[in-house]
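Structure assessment
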There are 2 protein chains.
Amino acid sequence: MNGADVILQTMALSGIDVVFTNPGTSEMQLVAALDHETSIRPVLGLFEGVCTGAADGYSRVTGKTGATLLHLGPGLANGLANVHNAKKAGTSVLNVVGDHATYHLHLDAPLTSDIAAVAAPMSHHVENLASPDEVASGTAQACTAAQMGSGQVSTLIVPADLAWSKSTLAPVKAQPGSQQGPSGDVDAAAQALRAGGRRAMLYLGNGAHRDDVLAAAGRIQAATGCRLAAPTFNACVPRGQGRAALEATPYFAELAVEFFREVDTLVLLGAKAPVAFFAYPDKPSILTQDGCDILPLARPEEACLPAAEALVEALGAKAHAAAPVPVQDIGKPSGDITPATFAAAFARHLPEGAVVADECISFSMDLPTMTAGCPAHRWMSCTGGAIGQGLSVAVGAAVGAPGQKVIAPTGDGSAMYTIQALWTMAREGLDVVVIIINNQAYNILQFEMIRTGANTISERAQTMLGLGNPRMDFCSMAAGMGLATHRAESAEALDDALAKAMETPGPVLIEAMV
Amino acid sequence: MNGADVILQTMALSGIDVVFTNPGTSEMQLVAALDHETSIRPVLGLFEGVCTGAADGYSRVTGKTGATLLHLGPGLANGLANVHNAKKAGTSVLNVVGDHATYHLHLDAPLTSDIAAVAAPMSHHVENLASPDEVASGTAQACTAAQMGSGQVSTLIVPADLAWSKSTLAPVKAQPGSQQGPSGDVDAAAQALRAGGRRAMLYLGNGAHRDDVLAAAGRIQAATGCRLAAPTFNACVPRGQGRAALEATPYFAELAVEFFREVDTLVLLGAKAPVAFFAYPDKPSILTQDGCDILPLARPEEACLPAAEALVEALGAKAHAAAPVPVQDIGKPSGDITPATFAAAFARHLPEGAVVADECISFSMDLPTMTAGCPAHRWMSCTGGAIGQGLSVAVGAAVGAPGQKVIAPTGDGSAMYTIQALWTMAREGLDVVVIIINNQAYNILQFEMIRTGANTISERAQTMLGLGNPRMDFCSMAAGMGLATHRAESAEALDDALAKAMETPGPVLIEAMV
């Protein structure tokens, strides 16, 4: 047994069963060790952002730790944007990064960089193995860090010589601390929600997006009449039939301010106080009104179930039940593909148990209301705002939730950042329906250019926001990576393509021409 | 005029005339300012690694500063691997990165990260604008840093409110320091080279890869009989007819040790002492023999021409001339596409003035010798070992060297990291010939798996190194991004495709099936 074997066994003991890999020379020992530790499934990505996004998606749908295996500082750097999203999602991710041999590092060979410094801005914890006797304990500590609270980003740096050296150490199991009760004042929150009625809001962050916490929130709402809401972008929200409905905070700051205008009391359950996504000239950064009473009941890194149950108890709400979500009867859409017809077609065919990886940005505006009454499903979005995660998160979700359809609607611009994810979908036969909204633009930036007061869009600036020259053909790209494809030029054709895709297992890409 | 205008004008005054962009909301003011500062050409990339690689390539072929415009920490992170390559190449790169408004930053909105910390590991200099009165001077300092020595990586962080606020500041021009003479002992180097003959080697780093320095090196070789050599991977080496030939250091450590075995004296001209790319069990990390006398004449960050000229003077070599490179008569290759037949076809059609962006890794072994006698050309390689740079560097080279053919041979694995570069080639009508070596594998890793002593390649490990399931169709992907394409299944077909590509302007992708 060598150091690499100890690392893999320690990871397996700590509950890691999948690793999304893009290895290089310095990780060859860890790749070889995957032969011996067969309880860990390796899934290859052609770009590191696919791997880190997939690890995030895997953690979002399973609650387990999503792991990656990456090649030195540049490999980690390529995955860092989706690590940022994972960090903001509060998911459990362990990035294992090979480094040069300890004695080779000072020579400053071409691939040398300060990996710990590359990892630090996007990691909660960085573990840099420095000697053979740290291999087992350091790996266990890195796993423990990944499993703290609702989940953290942990980076484990493995020098090549520590991986290839013989080891007599026993693997060690991660020891996450026990989850603790609510840090906030339960009675004060109960009193405020009861007194506030519709002017009170229970605001649920990522750690609260679980069936048990949502069920409690539904009881609280039924007992008090408060509003239930969530941030704009969330890790994985259970929605649809049988679940309490969360209102979504609008993306644009001016709409978000309206959303919170009537809120006098905001109780935070695993959420931070809401702030604008961006600052704009003469627009507010704080979304709640002056004088809104903000009561943190459970911090974002804290377990939310104890807080929610204590609140139910304090309110005597155990016998209450969430109001059922109304079922909508949505007719087959026709005509051009617009946000409204797209959302209609999407909602009509959303199957029970589906997991949605939503990155369709400017085209998503009608999805939340249209899908509110759909069969029970889960909704993942771009938590850190670093676009280029939808397809990658979908890969991880599909690996983590076999038997459940993963649906990844995405803009053309956002799809291109990690388009390599399509190949992993084909390779692994993942049950993903990719929907590309091909509007030939960074359409959201056309709004933002005006909203930031930069200018009306001149011809030269427009060239930086337009993607129509040349027009991208996603069916051609996807076919080149082994996927079945359909192109839809109308709402009817999109509806038909979605109907067929939901009946057919395996990956498919639908290109919706807008 | 607002802060963004001051920044753009300061950049223009400092000699920046192209910026490779992938902006977002926080950079909208800078995009708008491109309307006013029309001496700077914006070139859009669909992924930030394309932009940073292109800035590097632009600098390599022009000697000017290559600039990017990127979106917050995650946008910079996506470009960081190619920034690493630029840093190791010693090219001049300025990354301009938007940040949240100064007053918004503490709210920790989803896209918030510590951009300076993200930049630091791959930058020589980080300039974080903090107040309106720093906008002009800070931008000039960032440009100055990018232009220090042979070139550096400089990162300029621009909070959105400093970009949108009105400014009365005058733009400021960068003030790079004057270049100084050699730091090493010229007479000692002259004496050692004269005494050593074939057992002495003049080792030329990136700063020495210029026609004038090479001409001096050729005279030094003619006068002393020393060997001339360069590292394995270089920023941009002039080669072929009319130039002194540099021997290339082999990639594999055991071959590199042989390369240096007979060298008793190594004079470093803008180079570091050679070390192995990776460490391997029981193989050396230092490539020169014990007792080899290493004489640093000019440091990597130092100007090399004064050192080279002083050496010519000390040796009285002014009247000497480099030995002419022998012209090779290469017949049309036939049969399978192998490293040898590929190199033959490649060399036969390499036009005068061509710029090669080489990332074909395990398939490149016969290129150096086969192309040594070709018409004058330049050769760029992956200086930092972070693969996924060839296509991006080719974009920048083509923007920087209009009228010269850029040829980008690349492996299938390496091409996929920044495959989005193809779209920018099509959009800008760049004169690039992309050659994909489709061997359906991370072939180099199949060597490395054995060389690191990890194991013989088992079936499970093999799945992490093989790219054949599904087989990628690069013609299909490239067509989807607007490129003309050819597929070559034999050496003859490859030779024909290359002949045609060299006669046809504009981008084309040739997929060589191996």
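This text goes with the structure placed above it.
What comes next is a walk through the structure. Only a predicted model underlies this, so the values are computations on that prediction, with no experimental measurement involved.

Before going further, it helps to examine the overall build of chain A. Broken down by element type, chain A carries 20 helices and 18 strands. The C-alpha radius of gyration computed for chain A amounts to 23 Å, which stays within 12% of the reference 24 Å derived for 514 residues, consistent with globular compactness. Projected onto its principal axes, the C-alpha positions of chain A cover 65 × 60 × 45 Å. Working note: accessible area of chain A is about 16400 Å², and carbon and sulfur atoms make up 53% of it.

Within helix 14 (residues 390–400) of chain B, ten of the eleven residues are buried, which leaves it mostly tucked inside the rest of the structure. Turning to helix 14 of chain B, its buried residues are Gly390(B), Leu391(B), Ser392(B), Val393(B), Ala394(B), Val395(B), Gly396(B), Ala397(B), Ala398(B) and Val399(B).

Side chains that are nonpolar tend, in soluble globular proteins, to be buried together. Formed by 223 residues in total, the largest nonpolar core has its most connected members in Phe20(A), Leu94(A), Leu422(A), Phe20(B), Leu94(B) and Leu422(B). Leaving out residues up to four positions away in the same chain, Phe20(B) has contacts with Val43(B), Cys51(B), Ala54(B), Ala55(B), Tyr58(B), Ala67(B), Thr68(B), Leu69(B), Val395(B), Gly396(B) and Val399(B).

All right, on to the relation of the copies chain B and chain A then. Copy one and copy two of the chain differ by a rotation about a common axis and a shift along it. Once chain B is rotated about the relating axis by 180 degrees and shifted along it by 0.0 Å, it coincides with chain A to within an RMSD of 0.0 Å. In short, the pair behaves as if placed about a two-fold rotation axis. Looking at the rotation axis and the C-alpha trace of chain B, the residue lying nearest is Met477(B), at 2.0 Å. A share of 100% of interface residues in chain B that are also interface residues in chain A marks the association as one of identical surfaces.

Looking now at the pairing of strand 17 (residues 484–488) of chain A. Residue and element names in this part refer to chain A. With five bridges joining them, strand 17 and strand 18 (residues 508–513) adopt parallel strand pairing. Its bridge partner being in strand 18, Arg-487 is matched across the sheet by Glu-511. Handedness of the crossover is the feature at issue here: the chain leaves strand 17, passes through helix 20 (residues 491–503), returns alongside strand 18, and the resulting connection is right-handed.

So, on to the side chain of Ser167(A). Position of Ser167(A) among the secondary structure elements: in the loop between helix 7 (160–164) and helix 8 (186–196). Those residues in contact with Ser167(A), other than ones at most four positions away along the chain, are Met1(A), Asn2(A), Gly3(A) and Val6(A).

Our next topic: the pairing of strand 5 (residues 125–128) of chain A. Residue and element names in this part refer to chain A. Sheet topology places strand 5 next to strand 6 (residues 153–159); four bridges connect them, and they run parallel. By the bridge assignment, Glu-127 is partnered in strand 6 with Leu-156. Read as a crossover between parallel neighbours, the route from strand 5 over helix 6 (residues 135–146) to strand 6 is right-handed.

This part takes up helix 12 (residues 339–348) of chain B. Residue and element names in this part refer to chain B. Taking burial as the measure, the ten residues of helix 12 include eight buried ones, the bulk of the element. Every buried residue belonging to helix 12 is among Pro-339, Thr-341, Phe-342, Ala-343, Ala-344, Ala-345, Phe-346 and Ala-347, and all of these are buried. On its buried side, helix 12 packs onto strand 13 (355–357), helix 13 (367–371), strand 14 (377–380), strand 15 (406–411), strand 16 (432–438) and helix 20 (491–503).

Before going further, it helps to examine the pattern of salt bridges. Tallied over the full model, the rule gives 38 salt bridges over all chains. One salt bridge connects Arg487(A) with Glu511(A), and the closest N-O pair in it is separated by 3.0 Å. One end of the pair, Arg487(A), is in strand 17; the other, Glu511(A), is in strand 18, with 24 residues separating them in the sequence. We classify Glu511(A) as buried; its relative accessible area is 0%. Across the pair Arg243(B) and Asp211(B) runs a salt bridge whose closest N-O atoms are separated by 3.0 Å. One end of the pair, Arg243(B), is in the loop between strand 9 (237–239) and strand 10 (247–248); the other, Asp211(B), is in helix 9 (residues 211–224), and 32 residues separate them in sequence. The structure contains a network of salt bridges with shared partners spanning Lys88(A), Lys272(A) and Asp108(B).

Next up on the list: the packing of aromatic side chains. One pair of aromatic rings is described through two measures. These are the centre distance and the angle between the planes. All names here are of chain A. Tallied over the entire structure, the rule returns 27 aromatic pairs over all chains. Between Phe-20 and Tyr-58, the aromatic rings sit 6.1 Å apart at their centres with planes inclined by 65 degrees, giving edge-to-face as the arrangement. Here the residue Phe-20 occupies a position in strand 1 (residues 18–22), and Tyr-58 occupies one in helix 3 (residues 48–62), the gap between them amounting to 38 residues. This pair shows no difference in class: Phe-20 is buried, exactly as Tyr-58 is. Ring centres of Phe-277 and Phe-278 lie 5.3 Å apart, and the angle between their planes is 70 degrees; this geometry places the pair in the edge-to-face category. No difference in accessibility class separates Phe-277 from Phe-278, as the two residues are buried.

Moving on: the sheet that holds strand 17 (residues 484–488) of chain B. All names here are of chain B. Taken together, the seven strands give an open sheet; going across it, the order is 9-14-13-15-16-18-17, and neighbouring strands pair in mixed fashion. The open sheet has two free edges, formed respectively by strand 9 and strand 17, since each of these has just one partner strand. Averaged over all adjacent pairs, the angle separating strand axes in this sheet is 20 degrees, with direction ignored.

Contact residues are listed per partner, giving 99 residues for chain B and 99 residues for chain A. Here chain B and chain A share an interface that buries about 7900 Å² over both sides, 64% of which is from carbon and sulfur atoms. Summed over the shared surface of chain B and chain A, the number is four salt bridges. One salt bridge connects Lys272(B) with Asp108(A), and the closest N-O pair in it is separated by 3.0 Å. In this assembly, chain B and chain A are joined by 33 residue pairs in polar contact (both at pLDDT 80 or more). Ranked by residues supplied to the side of chain B that touches chain A, first place goes to helix 4 (residues 72–89) of chain B with nine residues.

Calculation rules
Residues numbered from 1 in each chain as written. Chains lettered and ligands numbered in written order. Predicted model: local features only at pLDDT ≥ 70, side-chain atom pairs only at ≥ 80, totals over all residues. Heavy atoms only, no water. Helix = DSSP H or I, 4+ residues; strand = E, 2+ residues; numbered from the N terminus. Rg over C-alpha atoms; globule rule 2.2 N^0.38 Å. Areas by Shrake-Rupley, 256 points an atom, 1.4 Å probe, with all protein chains shown as cover. Buried < 20%, exposed > 50% of the residue type's maximum accessible area, 1.4 Å probe, protein only. Core = buried A, V, L, I, M, F, W, Y, C linked by side-chain atoms within 4.5 Å. Contact = heavy atoms within 4.5 Å. Least-squares fit on C-alpha atoms with pLDDT ≥ 70 in both. Pairing = 2+ DSSP bridges. Right-handed = clockwise from strand over helix to strand, strands pointing away. Salt bridge = Lys/Arg side-chain N within 4 Å of Asp/Glu carboxyl O. Phe/Tyr/Trp six-rings, centres within 6.5 Å; stacked < 30°, edge-to-face > 60°. Axes fitted to C-alpha atoms, helices over the stretch in contact; angles between N-to-C directions. Buried area = accessible area lost by both parts, 1.4 Å probe. Polar contact = N/O pair within 3.5 Å; in protein donor to acceptor, adjacent residues only side chain to side chain.

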